[in-house]
Amino acid sequence: MYEPDCTKGCPVATPIRDAIRLLLESRIPDAGKLLLENNPLSIICCRVCSQENQCEGHCVLGRKGSPVHISAIEQYISDYYLNIYKPKVSKNFKGRVAIIGSGPAGLTIAFTLAQRDYDVTIFEQNDQVGGILRYGIPEFRLPKSVLDRLTQKLYEMGIKIKPNTTIGANITVDDLFRDDFKAVFIGTGVWRPSKLNVKGESLGHVHYAIEYLRNPNVYNLGKKVAVIGAGNVAMDVARTAFRHGAQEVNILCYKDESTITAREHEVEYAKIDGAEFIFNKSAVEFVDGGIMLADTEIIIDENNNEIVRPIPGTEKLYECDSVIVAISQGPRAVIVSSTKGIEVNERGLVKTDEIGRTSRKGVFASGDVVTGAKTVVEAVRISKIVANAIDDYITNEC
Ligand code: SF4
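Per chain, residue numbering runs from 1 following the sequence as it is written. Local features in this predicted model are restricted to residues of pLDDT 70 or higher, and side-chain atom pairs are both shown and tallied only at a pLDDT of 80 or more, whereas totals for entire chains, interfaces and linings draw on every residue. With hydrogens and water excluded, all non-hydrogen atoms of the structure serve as input to the side-chain values.

S.K.: Teacher, can you tell me more about the overall build of the protein here?
M.R.: Secondary structure elements follow DSSP: runs of H or I of four or more residues count as helices, runs of E of two or more count as strands, with numbering from the N terminus. Within the protein, the secondary structure is distributed over 15 helices and 16 strands. Dimensions of the protein, computed from the C-alpha atoms along their principal axes, are close to 70 × 55 × 45 Å. Using a 1.4 Å probe on the protein chains alone, a residue whose accessible area is under 20% of its type maximum counts as buried, one over 50% counts as exposed, and one in between counts as partly exposed. The buried share among the 398 residues of the protein stands at 52%. Sequence separation of at least 24 residues holds for 69% of the intrachain contacts in the protein that already meet a minimum separation of 6. Accessible surface area values rest on a Shrake-Rupley calculation with a 1.4 Å probe, where residue burial reflects the displayed protein chains alone. Accessible area for the protein stands at about 18,800 Å²; split by element, carbon and sulfur atoms hold 49% of it. For the purpose of counting charges, residues Lys and Arg are taken to be positive, whereas Asp and Glu are taken to be negative. His and the chain ends are not included. The location of each charge is read from NZ of Lys, CZ of Arg, CG of Asp or CD of Glu. Where the 47 positive side-chain charges of the protein centre and where its 51 negative ones centre are 6 Å apart. In this description, contact between two residues means that some pair of their heavy atoms is separated by no more than 4.5 Å.

What follows is the structure in structure tokens.
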């Protein structure tokens, strides 16, 4: 069957053309049902996807003018539908499934399996559901009220939620199997900030992005803030800092402008908010009152790899009140270290096959804890496959 380019450009193959047709026929509930059944996080993806590289970037109208504003249409339909959506509530369960972590991967699997008559329990280490969606994406990009509405639907489906529960710290994966959970899904994300490993990193004015974004209200950053990094998280941090009292925010990049990894859209918003970029500088030491910054140069090592290094003798004090390091994150190891038989790679990411099976029978994983930090829609894409694998496993092997 012919598939439009916009759908081909969407990682979860959203049936955009059909949804728009139903909308134009004033059949919004049908359009909403179509979107939700294809993507349980449609209401979130339409707000946080890189549409310019995905659906809208592939729209044929964009070749000669402006593409269809697919994200706005999806948002309109999904918002409408979530208000009227009445989830199916099962009474004859096929078995218990434990979902550890309620970020994009965990939510996708919880939704999918609850609608297939599984008795789903979410174990969430924070006090509210959402993982990176709630504690890593700022309010101005993804309002918490959207997550609250989704959480309400989880309860309506009969999903049980155990907040403030860290699996591995007290209850273990072995306890879950003892208690007749047929399958365990790990979607715990990546919450351990990567360090720069330079002197002074433990000083009081140096913070990490993933920790800052969790609750910016509790930080007193002062008026001048430096953000180290060039990805989307760095842009989120810069924009959040402005909304919490910073008057000057500089984004420090150790390479040039062409190597910014953040979406163009996010870079533009950060600039509109007032952020200024400083390129080709590397932090060589954090000191009271700021950072020692050096100019950088690129060299090619003996293995033909490009290495960026500070140029000795060029260090100068860059004065600021606080610094936020936004370079990347890795997984915390508490589940894996407390559970026998789950293999991880050298970065601590859980090893799985292509359908999410870990090295331990009955334990599945997907999302950032497997791939490292990726997009929300990518976590949904693979988690739909993993939900099918869990369903098959419980149906055929338990
Ligand atoms: Fe576009 Fe993301 Fe929606 Fe797909 S899920 S149609 S990429 S906004």
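That covers the picture; the talk isn't over yet.
S.K.: Whenever I open this one, empty space enclosed by the protein confuses me. Can you help?
M.R.: Any empty space left between atoms is shown by rolling a water-sized probe over those atoms. Put simply, the grid is 1 Å and covers the protein atoms alone, a cavity is a trapped set of points that fit a 1.4 Å probe, a pocket is an open set with protein on both sides within 12 Å along at least five of seven lines, and lining residues have an atom within 4 Å of a point. Grid points are joined across faces, edges and corners, and a volume is the space filled by probe spheres set on the points. Counting across every chain of the model gives 3 cavities of 30 Å³ or more. There is about 100 Å³ of room inside the largest cavity. If you trace the largest cavity, you find 14 residues lining it, with Cys10, Thr14, Cys49, Cys55 and Glu74 closest to the centre.

S.K.: Any chance you could explain the environment of leucine 203 here in plain terms?
M.R.: Tracing the backbone through its elements, the reader meets leucine 203 in the loop between strand E5 (192-193) and strand E6 (206-208). On the accessibility criterion, leucine 203 (29% relative accessible area) is partly exposed. When the C-alpha positions of leucine 203 and aspartate 288 are compared, they lie 7.8 Å apart, and in sequence the two are 85 residues distant. Discounting residues that sit within four places of it in the chain, leucine 203 has contacts with Phe286, Val287 and Asp288.

S.K.: Can you walk me through the site of the ligand in this structure?
M.R.: Any residue with a heavy atom positioned within 4 Å of a molecule or strand is treated as near that molecule or strand. Around the ligand sit Cys10, Pro11, Thr14, Ile16, Cys45, Cys46, Cys49, Gln51, Gln54, Cys55, Glu74 and Val377, and those are all the residues in its vicinity. Taken atom by atom, the bulk of the ligand overlaps the largest cavity. Ten residue types, Ala, Val, Leu, Ile, Met, Phe, Trp, Tyr, Cys and Pro, are classed as nonpolar, four, Asp, Glu, Lys and Arg, as charged, and the remainder, Gly among them, as polar. Residues of the shell around the ligand, tallied by class, amount to 8 nonpolar, 3 polar and 1 charged. For a cavity or pocket, the test is whether more than half of a molecule's atoms lie within 2 Å of its grid points; if they do, the molecule sits there.

S.K.: Help me understand the sheet that holds strand E3 (residues 160-162) in this model?
M.R.: Sheet strands associate in pairs through backbone hydrogen bonding, adopting either a parallel or an antiparallel arrangement. When DSSP finds two or more bridges between a pair of strands, those strands are recorded as paired. If you trace the 5 strands from one edge of the open sheet to the other, you get E3-E2-E1-E4-E16, paired in parallel fashion. Edge strands, defined here as strands with exactly one partner in the open sheet, are E3 and strand E16 (363-365). Ignoring strand direction, the axes of neighbouring strands in this sheet form an average angle of 20°. Angles run from 0 to 180 degrees between N-to-C directions of axes, and those axes are lines fitted to C-alpha atoms, restricted for helices to the stretch in contact.

S.K.: Even after reading the chapter, I still don't get the pairing of strand E8 (residues 248-252), so can you show me in this structure?
M.R.: Consecutive side chains of a regular strand alternate in pointing toward one face of the sheet and then the other. Judged by how many residues are buried, E8 sits mostly within the fold: 4 of 5 residues are covered. Sheet analysis places strand E7 (residues 224-228) next to E8, joined by 5 bridges and oriented parallel. Its bridge partner lying in E8, isoleucine 228 is registered against leucine 252. Note: E8 against strand E9 (residues 276-278), 3 bridges, orientation parallel. If you follow isoleucine 251 over to E9, its bridge partner there is phenylalanine 277. With the strands pointing away from the viewer, any crossover whose connection runs clockwise from the first strand over the helix to the second is right-handed. Of the crossover connections in this fold, the one passing from E8 over helix H12 (residues 264-273) to the parallel E9 is right-handed.

S.K.: Help me understand the domain arrangement of the protein, please; the structure alone is not making it clear to me.
M.R.: Accessible area lost on assembly of the parts is the figure often given for the size of an interface. Segmenting the protein into domains produces domain 1 (5-84), domain 2 (96-190 + 330-397) and domain 3 (195-327). For domain 1 versus domain 2, the distance between C-alpha centres works out to 25 Å. Taken together, the contacts link 16 residues of domain 1 with 21 residues of domain 2. A carboxyl oxygen of Asp or Glu within 4 Å of a side-chain nitrogen of Lys or Arg is what we treat as a salt bridge. Linking domain 1 with domain 2 are 1 salt bridge. Polar contacts, as counted here, are pairs of nitrogen or oxygen atoms within 3.5 Å of one another; within protein the pair requires one atom able to donate a hydrogen and one able to accept it, and residues that are adjacent in sequence qualify only if both atoms are side-chain atoms. Our count for the domain 1 to domain 2 interface comes out at 4 residue pairs in polar contact (both at pLDDT 80 or more). What fixes the domain bounds is an automatic or database domain assignment.

S.K.: Help me understand the sheet that holds E7, please; the structure alone is not making it clear to me.
M.R.: Taken in spatial order, the 5 strands make up an open sheet running E6-E14-E7-E8-E9, and their pairing is parallel. The open sheet has two edge strands with one neighbour each: E6 and E9. Within the sheet, the average angular offset between the axes of one strand and its neighbour, ignoring direction, is 25°. Relative to the sheet, helix H11 (residues 232-243) contacts E7, E8, E9 and strand E14 (322-325), its axis offset from that of E8 by approximately 170°.

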